Amino acid sequence: MSVEAKSFPVSFDALEQEAKEKMSTGAYGYVRSAASNEETLRKNAQGFEKLAIVPRMLRNVAAVDMSVTIGGRTYPYPIFLAPVGMQRLTHEEGELASARAAAAIGVPFTQSTVSSYALEEVKQATGDSPKWFQLYWSRNAEVSYSMVYRAEKAGYEAVVLTVDTVMTGWRETDLSTNFSPLKLGFGKANYEYDSVFMAALQAKDEESIIQSVLENIHYPELNWSHVAELKKRTSLPIYIKGILHPEDAILAIENGVDGIIVSNHGGRQLDGIISAIDALPTIVQAVDGTIPVLFDSGIRRGTDVVKALALGAKAVFIGRPFIYGLAVGGQAGVEKVLENYIEETKITMSLAGISKASDLSSLKLIRE
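Residues numbered from 1 in each chain as written. Predicted model: local features only at pLDDT ≥ 70, side-chain atom pairs only at ≥ 80, totals over all residues. Heavy atoms only, no water.

**Description of the overall build of the chain**
The helix and strand inventory of the chain stands at 15 helices and 12 strands. Relative to a compact globule of 368 residues, whose C-alpha radius of gyration would be 21 Å, the chain shows 20 Å and is just as compact. Seen along its three principal axes, the alpha-carbon backbone of the chain occupies a region of about 70 × 50 × 40 Å. Taken over 368 residues, the chain has a buried fraction of 56%. Of the roughly 15,500 Å² of accessible surface on the chain, 49% is carried by carbon and sulfur atoms. Placing the 36 positive and 44 negative side-chain charges of the chain at their respective mean positions leaves the two points 4 Å apart. (Helix = DSSP H or I, 4+ residues; strand = E, 2+ residues; numbered from the N terminus. Rg over C-alpha atoms; globule rule 2.2 N^0.38 Å. Buried < 20%, exposed > 50% of the residue type's maximum accessible area, 1.4 Å probe, protein only. Areas by Shrake-Rupley, 256 points an atom, 1.4 Å probe, with all protein chains shown as cover. Lys, Arg positive; Asp, Glu negative; His and termini not counted. Charge placed at Lys NZ, Arg CZ, Asp CG, Glu CD.)

**With respect to unusual backbone geometry**
Of note, histidine 265 is a non-glycine position whose phi angle comes to about 60 degrees, a positive value. Its place among the elements puts histidine 265 in the loop between strand E9 (259–262) and helix H13 (276–287). Of note in this structure, aspartate 288 is not a glycine but carries a positive phi near 55 degrees. Mapped onto the elements, aspartate 288 comes out in the loop between H13 and strand E10 (293–296). For aspartate 288, a relative accessible area of 64% corresponds to the exposed category.

**Topic: the side chain of lysine 241**
Mapping lysine 241 onto the fold places it in strand E8 (residues 238–243). Look at lysine 241 and you get buried, because its relative accessible area is 5%. Apart from residues no more than four positions distant in its own chain, lysine 241 is found in contact with Pro83, Val160, Leu161, Thr162, Val163, Asp164, Ile261, Ser263, His265 and Asp296. (Contact = heavy atoms within 4.5 Å.)

**Quick notes on the packing of aromatic side chains**
Here a ring pair, both rings aromatic, is described through the centre-centre distance and the interplanar angle of the planes. Enumeration over the complete set of coordinates arrives at 10 aromatic pairs. Taking the centre distance of 5.8 Å and the plane angle of 50 degrees together, the rings of phenylalanine 12 and tyrosine 324 count as tilted. Of this pair, phenylalanine 12 sits in helix H1 (residues 12–22) while tyrosine 324 is found in helix H15 (residues 320–352), placing the two residues 312 residues apart along the sequence. Here phenylalanine 12 matches tyrosine 324 in class, with each residue buried. Note on tryptophan 132 and tyrosine 239: the rings are 4.6 Å apart at their centroids and 35 degrees apart in plane angle, and the pair reads as tilted. Of this pair, tryptophan 132 sits in strand E6 (residues 131–135) while tyrosine 239 sits in strand E8, placing them 107 residues apart in sequence. For the pair formed by tryptophan 132 and tyrosine 239, the shared burial category is buried. A network of ring pairs unites the aromatic residues Tyr75, Phe80, Trp132, Tyr239 and Phe317 as a single cluster. For the cation-ring pair, arginine 300 lies above phenylalanine 12, with the distance from its terminal atom to the ring centre recorded as 4.5 Å. (Phe/Tyr/Trp six-rings, centres within 6.5 Å; stacked < 30°, edge-to-face > 60°. Lys NZ or Arg CZ within 6 Å of the ring centre and 35° of its normal.)

**Some words on the layout of surface pockets**
In this model, the largest pocket occupies a volume close to 1,100 Å³. As for the largest pocket, its lining consists of 46 residues, of which Tyr30, Met86, Thr168, Arg171 and Arg268 are closest to the centre. Among the secondary structure elements, those contributing two or more residues to the lining of the largest pocket are helix H2 (25–32), helix H7 (172–177), strand E11 (316–318) and H15. For the lining of the largest pocket, the class distribution of residues is 22 nonpolar, 16 polar and 8 charged. (1 Å grid on protein atoms, 1.4 Å probe; cavity = no way out; pocket = protein on both sides within 12 Å on 5 of 7 lines; lining within 4 Å. Points joined across faces, edges and corners; volume = space filled by probe spheres on them. Nonpolar A, V, L, I, M, F, W, Y, C, P; charged D, E, K, R; others polar.)

**Here's the deal with the environment of tyrosine 156**
Structurally, tyrosine 156 is set in the loop between helix H6 (141–153) and strand E7 (159–162). For the pair tyrosine 156 and leucine 119, spaced 37 residues apart in sequence, the C-alpha to C-alpha distance is 9.0 Å. When near neighbours in sequence (up to four residues on either side) are disregarded, tyrosine 156 contacts Gln111, Leu119, Val122, Lys123, Lys131, Trp132, Phe133, Ala151 and Leu236. In terms of polar contacts, tyrosine 156 uses its side chain to reach the side chain of glutamine 111, at 2.6 Å. Looking at tyrosine 156, its side chain comes within polar contact range of the main-chain oxygen of leucine 119, at 3.3 Å. (Polar contact = N/O pair within 3.5 Å; in protein donor to acceptor, adjacent residues only side chain to side chain.)

**What to know about the pairing of E10**
Going residue by residue along E10, you find Val293 and Phe295 tucked away on one face and Leu294 and Asp296 tucked away on the opposite face as well. Bridge count for E9 against E10 is 3 bridges, and the pairing is parallel. By the bridge assignment, valine 262 is partnered in E10 with phenylalanine 295. Between the parallel pair E9 and E10, the chain is carried across by H13, and the sense of this crossover is right-handed. With 2 bridges joining them, E10 and E11 adopt parallel strand pairing. By the bridge assignment, aspartate 296 is partnered in E11 with phenylalanine 317. (Pairing = 2+ DSSP bridges. Right-handed = clockwise from strand over helix to strand, strands pointing away.)

The structure is reproduced here in structure tokens:
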């Protein structure tokens, strides 16, 4: 499945504009916006713009190897689809379309706890393609363990525990439009499929399910003891998403975490904080090769992918771009976004004089 290049927007800005025309006002506002004054959202992009590549010349780049090995598994590209919830807001097939696109291209798909389709439905639609499961901790801890068990049973390769969402950020766009996709039921599929969650309900009607999802989704008490217990409950590797401080990176290692995803949630949670790309080098230094460090937040093109890997990330996640692709063209739109990112990353590597993604850490960057 493909989208004709002439009809598909190439740049992020053009992609966003076309997606805006296809999405409802509430859905577009929810996807595009960030917390408070959106300072962090802007910083994420500006952080990449301040980094300049110093390319090397006269190197043989005829054959470019973009593969990366993470946690003993090798993937053809250093690009993952980020966990984005409630994708049916954007397209009726939601996560099914995105996961199929990821499978077709060979990119790992990360499924959100609050997805519009359940783990089992995505598994059925995509077979054994690489998939990770992102966990929002439930107030009822047994629901968390149950979801992770289901992911393990369905063949998902890792758990991504998001730790920067113990409550929703101050999102003025959603507040001004009074828009909440969770309240509209777009994120309840994994809960409806979960026997532990459903058994705890007194009533099984849709209103009761949605209300219980809202009551479970935020857990301000979340701390490292929950991570330690989760480690006991699953054989899957656990990646912590939302780390920005080097001391938290060290604590992650001490608590047996298998990997870190440097992320500020795309600017959607806490405003006025460090950009993710500026935080990345300090986390890489703190970890010192003990566990893999991945990157999320602000990736808008292939040059950003290269810069993040040059600073020590093993792979990156893209979020809003593929969601816009989903809005524009469904599965084919997501595939086209991935194809464009892969091709620009390959070209950037070649022109920078790097033939292997695993060698990108040797690429020199300067801050301008």
